[in-house]
Amino acid sequence: MDFDFDYLLAQWPALLDGVLMTLRVSLLAIAASLVIGVLGGAARVMKIPLLAQFVALYVELIRNTPILVQLFFIFYGLPAIGMELSLFWSGVLCLSLWAGAYQVENVRGGLATVEYGMREASMALSLKPIHYFALVALPIAFRTSLPAMLNTAISLLKNSSYLQAIGLAELTFVAVDRIATDFRAIEMFSAICVIYLALVAVLAALTGRLSAHLQRPFQH
Amino acid sequence: MKPMLTVRDLHKHFGEHEVVKGVDLDVSEGEVVVIIGPSGSGKSTFIRCLNSLEEPTAGTVVIDGGESIQAGNRRALARLREDVGMVFQDYTLFPHMTVLANMTLAPVKLKRASRADAEREALALLERVGLQHKADGYPSELSGGQQQRVAIVRALAMKPRLLLFDEPTSALDPETVGDVLNVMKGLAAEGMTMIVVTHEMGFAREVADRVVFFADGRIVEMGPPSQMFTAPKEARTQQFLHSVLH
């Protein structure tokens, strides 16, 4: 078999640039998607008029259309109506909106498991609804939702490879770009598979530690 | 005696179903009123109306000679809660917070006290119920009886003028019921005004200044425990007490 490790070693700097771009775009989008998830989940659970319906529509729209179409809509569609974003921010926006829809559902599911008694106890203590939501319901829901949130974050990281379709120089783009000139497809795709696996493993390990930390009050 | 609570013609409907059918009740400062009655008689719904966990359909509630609170006045109803503490059947401690954080959350967030003062007061309250060593523990590390004692002092940390108990011992193991009842007896002895919905007839007999028998959404009869437990007037009361005491 002709598998050239030396070639991969020589390409390492280009791959590293790709990894860094993948990480930058993914981490920003993970953070933004969590903000969307918390705010959107809150709007739906608290049934805030108009906002709750808008969030429901957004979630359905994202979940029932292909992410590639969403990406093209943002990158090619929005400039046509005067909203032009850079390559990088188009990528961040696409992944944030895509994962945000799933995070809304994750947060909503977590909040649904918080017992009504917690709300009554908060009311009996004269806590304001915002205190109840931010300090009681959300922290309890977060523990329940964390595995689902991690799954969404992992999917986001993997889906960042779609951004090669608009020419953002993330990991998959770098690999495809190199293959176009060097024809080392098996080496390149093997390499980026291993790198994606490693990135997901790190993300899962970090979340696992967070989860263990958060679960301490409940383990007795 | 100074009136602490005045309830007039209180009604509560859930849709077509009327659960509380016109209740009048006066409670004096320092008085301990124990409400007994069959399940589904509306007694829990009634006390939940007193701190507006349920919004009364009609009637008025006045706490400590303050503003008369009419049914339908949501904002005034919400203000009621500031003066009324409540202890629930299932403790409802916040599971992700330590005992101390459970107790200081409301006083600090409502700007009743600085964090340092709130913590000092919380520790003093915990000491009173013998749980100062659990201050940094989580609710899941406590027995049911310990959790309920924490729930009581969490309510006390808000310095309520009236404390409501909704079947506070019904979810407890028999061996921990006594600890919780002892804390409640201590509060009664110190002059806390309390309304207690319970099936603990021993507690009612020993601690209550007045026993209220509630059935079918109404107060059927009330009086001092000596009279209620030995010579109840109404047939409905006699029947109920006969079934629970024998």
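In the nomenclature of an unreviewed UniProt entry, chain B corresponds to Amino acid ABC transporter ATP-binding protein, PAAT family from the organism Pseudomonas kuykendallii.

For chain A, the name recorded in an unreviewed UniProt entry is Amino acid ABC transporter membrane protein 1, PAAT family, with Pseudomonas kuykendallii as its organism. Turning to chain A, the UniProt annotation filed under Sequence similarities (unreviewed entry) states: "Belongs to the binding-protein-dependent transport system permease family. HisMQ subfamily." What the UniProt record of chain A gives under Function (unreviewed entry) is the line "Part of the binding-protein-dependent transport system for glutamine; probably responsible for the translocation of the substrate across the membrane."

On to the overall build of chain B, then. Within chain B, the secondary structure is distributed over nine helices and ten strands. At 18 Å, chain B has a C-alpha radius of gyration in line with the 18 Å of a compact globule built from 246 residues. Seen through its principal axes, chain B has C-alpha atoms that stretch 50 × 45 × 35 Å. Burial status across chain B gives 55% buried among its 246 residues. A sequence separation of at least 24 residues applies to 64% of the contacts in chain B between residues at least 6 apart.

Interface size is often expressed as the accessible area that is lost when the parts come together. If you look at the interface, chain A gives 21 residues, while chain B gives 25 residues. The largest contributions to the chain A side of the interface with chain B come from A:E120, A:L125 and A:P217, which together make up 27% of the buried area. Taken together, the connections running from chain A to chain B amount to one salt bridge. Note that B:R48 and A:E120 form a salt bridge whose closest N and O atoms lie 2.5 Å from each other. Counting the contacts that link chain A with chain B gives two residue pairs in polar contact (both at pLDDT 80 or more). Counting residues per element, the ones that place at least two in the side of chain A that touches chain B are α5 (116-124) and α6 (129-159) of chain A.

All right, on to the UniProt feature "transmembrane region" (unreviewed entry) in chain A then. Residue and element names in this part refer to chain A. As recorded in UniProt, the feature "transmembrane region" (unreviewed entry) lies at residues 25-46 and 186-206. In the segment residues 25-46, helix accounts for 95% and strand for 0%; the C-alpha atoms at its two ends are 31 Å apart. Helix makes up 100% of residues 186-206 and strand makes up 0%, while its end C-alpha atoms are separated by 30 Å.

What follows is about the sheet that holds strand β8 (residues 193-197) of chain B. Residue and element names in this part refer to chain B. On the basis of which strands lie adjacent, the open sheet formed by six strands has the order β6-β7-β8-β3-β9-β10 and mixed pairing. Either end of the sheet is taken by a strand with one partner, and the two such strands are β6 (84-87) and β10 (218-223). Each neighbouring strand pair of the sheet contributes to a mean axis angle of 20°, computed without reference to strand direction. Helix-sheet contacts for helix α1 (residues 43-50) involve β3 (32-36), β6, β7 (162-166), β8 and β9 (210-215), and the interaxial angle to β7 is about 150°.

Looking at soluble globular proteins, one finds that nonpolar side chains tend to be buried together. Within the largest apolar cluster, 52 residues are counted, with the highest numbers of intra-cluster contacts made by B:L5, B:I35, B:F46, B:I47, B:L50, B:F94 and B:I195. It is α6(A) that contributes the most residues to this core, eight residues altogether. Apart from the residues within four sequence positions on either side, B:L50 is in contact with B:L5, B:V7, B:V61, B:L80, B:V84, B:L164 and B:I195. With 48 residues, the next largest nonpolar core counts B:V183, B:A188, B:F240 and B:L241 among its residues.

What follows concerns the environment of B:T198. Residues and elements named next belong to chain B. Its location among the elements puts T198 in the loop between β8 and α7 (201-207). Every residue in contact with T198, bar those within four places of it in the chain, is listed here: V34, I35, I36 and T169. Separated by 3.0 Å, the side chain of T198 and the backbone nitrogen of E200 make a polar contact.

Attention now moves to unusual backbone geometry. All names here are of chain B. A positive phi angle is found at D9, which is not glycine, with a value near 50°. At D216, a position not held by glycine, the phi torsion is positive, near 55°. Structurally, the position occupied by D216 is in the loop between β9 and β10.

Moving on, we come to the packing of helix α1 (residues 5-45) of chain A against helix α8 (residues 185-215) of chain A. Residues and elements named next belong to chain A. Viewed as axis vectors pointing N to C, α1 and α8 meet at an angle of 40°, and their least axial separation amounts to 11 Å. When the axes of α1 and α8 are compared, the pair comes out oblique. The element α1 and its partner α8 pack so that their crossing is right-handed. Of the residues in α8, those touching α1 at Y7, L8, Q11, W12, L15, V19, T22, L23 and I30 are E187, M188, A191, I192, I195, Y196, L199 and L203. Partitioning the contact of α1 with α8 into residue classes produces 14 nonpolar, two polar and one charged.

Our next topic: the pattern of salt bridges. Evaluation of the coordinates by the stated rule reveals 18 salt bridges over all chains. For B:R120, the salt bridge identified is with B:D117, shortest N-O distance 3.0 Å. In this pair, B:R120 and B:D117 are both assigned in helix α4 (residues 115-128), three residues apart and thus about one turn of the helix distant. Salt bridges sharing common partners tie together A:D4, A:R184 and A:E187.

Let us look at the confidence of the model for chain A. In low-pLDDT regions, the fine details of the predicted coordinates are not to be read closely. On average, residues of chain A score 92 in pLDDT, and 99% of them reach the 70 mark or higher. Mean pLDDT in chain A bottoms out at helix α7 (residues 171-182) of chain A, which sits at 90, and peaks at helix α2 (residues 51-63) of chain A, which reaches 97.

Right, let's get into a positive patch on the surface. Side chains of A:K128, B:K109, B:K111 and B:R115 sit close together on the surface and give a patch of like positive charge. For B:R115, the location among the structural elements is in helix α4.

Attention now moves to the packing of aromatic side chains. Per the counting criterion, the structure on display carries seven aromatic pairs over all chains. Here the aromatic rings of A:F72 and A:Y76 are separated by 5.5 Å at their centres, their planes lie at 55°, and the arrangement is tilted. Placement of both A:F72 and A:Y76 in helix α3 (residues 67-80) is noted, with a separation of four residues, approximately one turn of the helix. The exposure class assigned to A:F72 is partly exposed, which follows from its relative accessible area of 33%. Taken together through their ring pairs, the aromatic side chains of A:F72, A:F75 and A:Y76 make up a single cluster. Above the plane of the ring of A:F88 lies A:R24, whose end atom (NZ or CZ) is 4.9 Å from the centre. Over the ring of B:F229 we find B:R205, and its NZ or CZ is 4.9 Å from the ring centre.

Calculation rules
Residues numbered from 1 in each chain as written. Chains lettered and ligands numbered in written order. Predicted model: local features only at pLDDT ≥ 70, side-chain atom pairs only at ≥ 80, totals over all residues. Heavy atoms only, no water. UniProt positions renumbered as here; feature names shortened; annotations may be inferred. Helix = DSSP H or I, 4+ residues; strand = E, 2+ residues; numbered from the N terminus. Rg over C-alpha atoms; globule rule 2.2 N^0.38 Å. Buried < 20%, exposed > 50% of the residue type's maximum accessible area, 1.4 Å probe, protein only. Contact = heavy atoms within 4.5 Å. Buried area = accessible area lost by both parts, 1.4 Å probe. Salt bridge = Lys/Arg side-chain N within 4 Å of Asp/Glu carboxyl O. Polar contact = N/O pair within 3.5 Å; in protein donor to acceptor, adjacent residues only side chain to side chain. Pairing = 2+ DSSP bridges. Axes fitted to C-alpha atoms, helices over the stretch in contact; angles between N-to-C directions. Core = buried A, V, L, I, M, F, W, Y, C linked by side-chain atoms within 4.5 Å. Parallel < 35°, antiparallel > 145°, perpendicular 65-115°, else oblique. Left-handed = near helix turned anticlockwise from the far one by under 90°. Nonpolar A, V, L, I, M, F, W, Y, C, P; charged D, E, K, R; others polar. pLDDT = per-residue confidence, 0-100. Patch = residues over 30% accessible without salt bridge, like charges linked within 9 Å, V, L, I, M, F, W, Y side chains within 5 Å. Areas by Shrake-Rupley, 256 points an atom, 1.4 Å probe, with all protein chains shown as cover. Lys, Arg positive; Asp, Glu negative; His and termini not counted. Charge placed at Lys NZ, Arg CZ, Asp CG, Glu CD. Phe/Tyr/Trp six-rings, centres within 6.5 Å; stacked < 30°, edge-to-face > 60°. Lys NZ or Arg CZ within 6 Å of the ring centre and 35° of its normal.

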